[in-house]
Amino acid sequence: MTIVLTPYWANGVQKLKVIPRGESPTPPSPTTPLSRNPHIMLTVMNPVSALRPAPARLAHGLTPPALDDSVHSVRCLAQLRSKDRNIEKYIYLTQLKDAEPNMFYKLCVDNMAEITPLIYTPTVGDACLQFSHIYRRPEGLYISIKDKGKIGEVLRNWPRIDEARISVVTDGSRILGLGDLGVNGMPISIGKLSLYIAGAGIRPSSTVPICLDLGTNNQKFLEDPLYLGLRQPRVPMEEMNEFMEEFMFEMSRTFPNLLVQFEDFATDKAFAYLSAFRNRYPVFNDDIQGTGGVVLSGFMNAAKLSSIASGRPLSDHRILFLGAGSAGVGVAQQLMSFFKLQGLSQQEARERIWLVDSQGLVFDKRGKLAEHKLYFSRKDYDGPPMTDLVDIINYVKPTALLGLSTIKGAFNEPVIKTMSELNPRPIIFPLSNPVRLSECEFTEALEWSNGTAIFASGSPFPEQEFNGKMHYPGQGNNMYIFPGLGLGCILSKVKQVTDGMVEAASLGLANSLTPEEKELDLVYPKIERIRDISAEIARSVIRAAQKDGADGAPELKVMDDEALLRYIKSRMWNP
Ligand SMILES: O=C([O-])CC(=O)C(=O)O
Ligand SMILES: [Mg+2]
């Protein structure tokens, strides 16, 4: 006999009952108590934790006499802190989100600096690597290549279609700097959306984490008996293109009010799908535009500090990128705005930027280059290939060195010393994620530059005392941008995400430093203020959407800036 396990509730406790397959649970009658009504039971057992209703208050006597929400949050935090390993903390928080979503988000909002690195970068990287092993419950939506031709049907299985406003979609092909993780990329979509909720007050039930499964080329996963995805290599690009066309079309049909964030697609796909869809649907790519926007913002503040020390005009900065993938080129494109804001032409702005990839300096005469590198490829160099980073620095004489290479240790002592010889305050941004792939550590940058480096990294580093002074590392991570950008897009019901909106998000972030933060030489605001920052960013984004004619909420146009900010804050969800 085949049996199925059917969950039911008894005295407020969830249990499992074995019943023969085909036999249905007792049909509900109007007199069935709520806790025994299988329809209610189904809601409670909804596979998507963010969609589950808050658990009903238990009847008197079913909870300990002194259980109280404010004390319980202290208890949860203590339980969290009692775990030694970050991955255990991640698992604990995932379970808490499932069991008590409000408590989970309350902990996040109240302890942003402590919890963000656990639910997001860098711990989420480990969670992805181990996802098929630490998996406990369904969360989010999985669409596989096997669903081609019926993607709409799968999407319509989402239980709260009407409420859906924001989806993070990954195909797992380039998770952080960890490479192709296939369906194990799901925690990235989940983690980003947790930050939307905690950082911008997006309602949990309006978030849709999605992982597309187009196979994986990760041999280790293909051989892992616990791997949760399709056991096949990635499908060819042509097949994926058809899949993506159907996917985006069905997404817009099923969820007419949804903003889509593409996340961690391999470089070629990241660029291809952004340009294929951005004029047709409200979509942006976090790794190209979010990272670009956040680095532009930090760079604007860093350049001011650096120029004060050197006396050079802002328009004279020279930026060298190590790494020319989607993030590197995305950031380079965004940094063009910095120079244009200083009055340089497009051509002049481009000449302030140099790219280095795995084969060294990117220049026209080097030979065939990938499409996305062409724009920044140097036309003014025709010597032999230049591969040594110190040589390249001595040739380019950059004021800023930005790393998006995922090569740990690439910014070594000679590199940073050379930067320091050229600049009284060199800008050093090792932006690769997670932390163990960072081009250098904060302490190294401080030591080798004798405390002069203006530093921001993709993953978090602790603050550091050096030569009797406290130094604060910036975190140039797109987490500062995407929650506010998304909030602005949702509230103004945008039809598209324009370049102007991304630039506005970036300027909004740059201008959000308080006088105290400036006093400490910070290039990014403190993460504890993320809700205020997100509201400011959202306002800038809404104004830019209105200017670009991309918005669909005319009622926001008549509000003055103060009223708009109040309105944005009033729409934020609180746990
Ligand atoms: O997730 C992060 O921490 C930043 C990001 O988008 C990436 O590295 O791909
Ligand atoms: Mg990413």
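Only a predicted model underlies this, so the values are computations on that prediction, with no experimental measurement involved.

Draft legend 1. Representation of the pattern of salt bridges within the structure. Evaluated as defined, the whole model comprises 29 salt bridges. Here Asp171 ties to Lys269 by a salt bridge, and the two come within 4.0 Å at their closest N and O atoms. Of this pair, Asp171 sits in the loop between β4 (166-170) and α9 (186-200) while Lys269 sits in helix α12 (residues 267-277), and the two are 98 residues apart along the sequence. Owing to a relative accessible area of 0%, Asp171 belongs among the buried residues under this scheme. Lys269 sits in the buried class, given a relative accessible area of 10%. One salt bridge connects Glu263 with Lys192, and the closest N-O pair in it is separated by 3.4 Å. Here Glu263, found in strand β6 (residues 259-263), pairs with Lys192, found in helix α9; they are 71 residues apart in sequence, far enough to count as distant. When sorted by exposure, Glu263 lands in the same class as Lys192, which is buried.

Draft legend 2. Representation of the coordination of the magnesium ion (ligand 2). Looking at the metal site, the magnesium ion (ligand 2) is ligated by Glu263 (OE), Asp264 (OD) and Asp287 (OD), spaced 2.0 Å from it. Between consecutive donor residues of the magnesium ion (ligand 2), the sequence gaps follow E-D-x22-D. Placement of Asp264 in the loop between β6 and α12 and of Asp287 in helix α13 (residues 286-310) is noted, with a sequence separation of 23 residues between them. Exposure class is identical for Asp264 and Asp287. Each is buried.

Draft legend 3. Focus on the pairing of β4. Burial of β4 is extensive: 5 of the 5 residues sit out of reach of the surface. Residues Ile166, Val168 and Thr170 line one face of β4 and the alternating positions Ser167 and Val169 line the opposite face, and both faces are buried. The pairing of β4 with strand β5 (residues 207-213) spans 5 bridges and is classified as parallel. When the sheet's bridge partners are listed, Thr170 is paired in β5 with Cys211. Running through α9, the crossover from β4 to the neighbouring parallel element β5 is right-handed. The pairing of β4 with β6 spans 5 bridges and is classified as parallel. If you follow Ser167 over to β6, its bridge partner there is Val260.

Draft legend 4. How the structure looks around the UniProt feature "binding site: a divalent metal cation" (unreviewed entry) in the protein. As recorded in UniProt, the feature "binding site: a divalent metal cation" (unreviewed entry) lies at Glu263, Asp264 and Asp287. Sequence-wise these annotated residues cover 25 residues; spatially they are packed, their C-alpha atoms never more than 6.6 Å apart. Classification of Glu263 by relative accessible area gives buried; the value is 1%. Other than its neighbours up to four places away in sequence, Glu263 contacts Val168, Val169, Thr170, Asp171, Ile188, Lys192, Asp286 and Asp287. Given the relative accessible area of 1%, Asp264 is considered buried. Residues in contact with Asp264, not counting those within four places in the same chain, are Thr170, Asp171, Gly172, Ser173, Arg174, Ile175, Leu176, Ile188 and Asp287.

Draft legend 5. Molecular detail of the environment of Gln342. Counting through the fold element by element, Gln342 comes out in the loop between α14 (326-341) and α15 (346-350). In the structure, Gln342 is positioned 27 residues away from Ser315 in sequence and 5.7 Å away in space, judged by C-alpha atoms. In this view, Gln342 contacts Leu314 and Ser315; residues no more than four positions away in its chain are not counted.

Draft legend 6. The arrangement of the sheet that holds strand β11 (residues 400-403) in detail. Spatially, β10-β9-β8-β11-β12-β13-β16 is the arrangement adopted by the 7 strands of the open sheet, whose pairing is mixed. Lying at the two open borders of the sheet, with one neighbouring strand each, are β10 (360-361) and β16 (474-475). Along the sheet face, α13 touches β8 (319-322), β11, β12 (427-430) and β13 (454-457) and points at about 155 degrees away from the line of β12.

Draft legend 7. Seen up close, the site of ligand 1. The local shell around ligand 1 consists of Tyr120, Thr121, Arg174, Leu176, Lys192, Glu263, Asp264, Asp286, Asp287, Asn433, Asn477 and Asn478. Tyr120 has a polar side-chain atom sitting 3.3 Å from an oxygen atom of ligand 1. Between ligand 1 and the protein, one listed contact pairs an oxygen atom with a side-chain N or O atom of Lys192 at 3.0 Å. In the complex, the protein chains occlude 93% of the 260 Å² of accessible area that ligand 1 would expose alone. Across the shell around ligand 1, the residue classes break down as 2 nonpolar, 4 polar and 6 charged.

So, how was this worked out
- Residues numbered from 1 in each chain as written.
- Chains lettered and ligands numbered in written order.
- Predicted model: local features only at pLDDT ≥ 70, side-chain atom pairs only at ≥ 80, totals over all residues.
- Heavy atoms only, no water.
- Salt bridge = Lys/Arg side-chain N within 4 Å of Asp/Glu carboxyl O.
- Helix = DSSP H or I, 4+ residues; strand = E, 2+ residues; numbered from the N terminus.
- Buried < 20%, exposed > 50% of the residue type's maximum accessible area, 1.4 Å probe, protein only.
- Donors = N, O, S within 2.8 Å, 3.2 Å for Na, K, Ca; no water.
- Pairing = 2+ DSSP bridges.
- Right-handed = clockwise from strand over helix to strand, strands pointing away.
- UniProt positions renumbered as here; feature names shortened; annotations may be inferred.
- Contact = heavy atoms within 4.5 Å.
- Axes fitted to C-alpha atoms, helices over the stretch in contact; angles between N-to-C directions.
- Near = heavy atom within 4 Å.
- Polar contact = N/O pair within 3.5 Å; in protein donor to acceptor, adjacent residues only side chain to side chain.
- Areas by Shrake-Rupley, 256 points an atom, 1.4 Å probe, with all protein chains shown as cover.
- Nonpolar A, V, L, I, M, F, W, Y, C, P; charged D, E, K, R; others polar.

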